[in-house]
Amino acid sequence: MTEDQIMEIAASLVGFTPEELRPERDRLVAFARAIRLVVLEEAAQICDDFAIDKWNLYKGRPPYNGTEDGRANSYVEGESDGAEKCAAAIRALADGGNHD
């Protein structure tokens, strides 16, 4: 997201024009970027938690007892792998890097 886009969103939220907010531009942009990092990490953590849960199900580890549907199931293993890749892609957005 560009600084201009951040300013347009901030202005629309508070009912001002981007020009009226220009004196606060640096603070608003820094604040928006900080919030973005927090939200992206929160989303990545949800993916991590899902991946761990599916891996535990696949392996029959607690909180599972190994008799549930999904134990040693390749689909469940794929869900875990996919969630790990999703978390990495989200974190790459936060780093501004590549998520391949």
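Residues numbered from 1 in each chain as written. Predicted model: local features only at pLDDT ≥ 70, side-chain atom pairs only at ≥ 80, totals over all residues. Heavy atoms only, no water.

Considering helix H1 (residues 3-14)
Compared with an ideal rise of 1.5 Å per residue, which puts 12 residues at 16 Å, H1 spans 17 Å between its outermost C-alpha atoms and is within 8% of the ideal. Turning to H1, its buried residues are Ile6, Met7, Ala10 and Ala11. Buried residues along H1 cover an arc of 130 degrees about the axis, so they all sit on one side. Opposite its buried face, H1 presents the exposed residues Glu8, Ser12 and Leu13, each directed more than 90 degrees away. Buried positions along H1 lie against helix H2 (18-21) and helix H3 (25-59). Just past H1, the residue glycine 15 takes up positive phi, approximately 80 degrees. (Helix = DSSP H or I, 4+ residues; strand = E, 2+ residues; numbered from the N terminus. Expected span 1.5 Å × (residues − 1). Buried < 20%, exposed > 50% of the residue type's maximum accessible area, 1.4 Å probe, protein only. Arc of directions from axis to C-beta. Contact = heavy atoms within 4.5 Å.)

Things to note about the packing of H1 against H3
Interhelical geometry of H1 versus H3 gives an angle of 95 degrees and a closest axis separation of 10 Å. The angle between H1 and H3 falls in the class roughly perpendicular. Taking contact as the criterion, the partners of Glu3, Asp4, Ile6, Met7 and Ala10 in H1 are, on H3, Arg25, Leu28, Val29, Ala32 and Arg33. Residues of the contact of H1 with H3, tallied by class, amount to six nonpolar, no polar and four charged. (Axes fitted to C-alpha atoms, helices over the stretch in contact; angles between N-to-C directions. Parallel < 35°, antiparallel > 145°, perpendicular 65-115°, else oblique. Nonpolar A, V, L, I, M, F, W, Y, C, P; charged D, E, K, R; others polar.)

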